[in-house]
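Coordinate analysis (summary)
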Amino acid sequence: LEDRVSLAELRGFTQAQMQELAEVGYTKLKYGRLDEAQQIYQALVVLDHRNPYFHAVMGAIHHKQNKPVEAIMEYTRSIQLDRKEVASFVNRGEIFLRKKNFRRAAEDFRQAILLDPTGRDLWANRSRSLVIALKRQLDARQARVSRRKK
């Protein structure tokens, strides 16, 4: 039953009410009121555990709070619920990149890019930029190593 019906549905919350609450929470996030945004989105995740957007925003909140493990968990849940959640792939990839897990970062960036073959999605374009920057950094590092060996 838990995967078929959300607590919001059982309690009679409308989509409009959930959307309104999400907008309030996002405004809090946007203005740096992370604890308040977290409280709102934690409630939203409990009310509708199947909503990938709620998990993606919880990931963003944790990301801003410098809680990478929690952020990765939320971004991963968002992706599990919606395999086309480009922003979650990019954000999770950025965390992997910061943690020097280049393989996992590359996988997430690749997936984000593949989801946007037309190059119109801003998140996928961010992923493209990060891949280019990463390649330049790795090429420069390789050049330094090669010079030292000579």
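The model shown is predicted, which means the values in this text are computed figures rather than measured ones.

About the thresholds
Residues numbered from 1 in each chain as written. Predicted model: local features only at pLDDT ≥ 70, side-chain atom pairs only at ≥ 80, totals over all residues. Heavy atoms only, no water. Helix = DSSP H or I, 4+ residues; strand = E, 2+ residues; numbered from the N terminus. Buried < 20%, exposed > 50% of the residue type's maximum accessible area, 1.4 Å probe, protein only. Expected span 1.5 Å × (residues − 1). Arc of directions from axis to C-beta. Core = buried A, V, L, I, M, F, W, Y, C linked by side-chain atoms within 4.5 Å. Contact = heavy atoms within 4.5 Å. Phe/Tyr/Trp six-rings, centres within 6.5 Å; stacked < 30°, edge-to-face > 60°.

Regarding the overall build of the chain
- Within the chain, the secondary structure is distributed over eight helices and zero strands.
- In sequence order, the chain lays out its α and β elements as α-α-α-α-α-α-α-α.
- Projected onto the principal axes, the alpha-carbon positions of the chain cover approximately 70 × 30 × 30 Å.
- The burial tally for the chain puts 38% of its 150 residues in the buried class.

Structural notes on helix H2 (residues 15-30)
- Given a rise of 1.5 Å per residue, 16 residues ought to cover 22 Å, and the 22 Å separating the end C-alpha atoms of H2 matches this to within 8%.
- Among the residues of H2, Met18, Ala22, Gly25, Lys28 and Leu29 are the ones counted as buried. Axial view of H2: buried residues confined to an arc of 115°, hence all on one face. Facing away from the buried surface of H2 by more than 90 degrees, the exposed residues are Ala16, Glu20 and Lys30.

Some words on the nonpolar core
- Counting residues in hydrophobic clusters, the biggest one holds 31 residues, and the most contacted among them are Leu29, Tyr41, Leu44, Phe54 and Ile61.
- Of all elements in the fold, only H2, helix H3 (34-47), helix H4 (52-64), helix H5 (68-81), helix H6 (86-98), helix H7 (102-114) and helix H8 (122-149) reach the threshold of two or more residues within this core.
- Residue contacts for Phe54: discarding those within four places in its chain leaves Met18, Ala22, Tyr41, Leu44, Val45 and Asp48.

Re the packing of aromatic side chains
- In this structure the tally under the stated criterion is three aromatic pairs.
- Between Tyr41 and Tyr53, the ring centres sit 6.4 Å apart and the planes meet at 70°, which makes this aromatic pair edge-to-face. Residue Tyr41 is located in helix H3, and its partner Tyr53 is located in helix H4; the two are separated by 12 residues in the primary sequence.
- Assessed through its relative accessible area of 38%, Tyr53 is described here as partly exposed.

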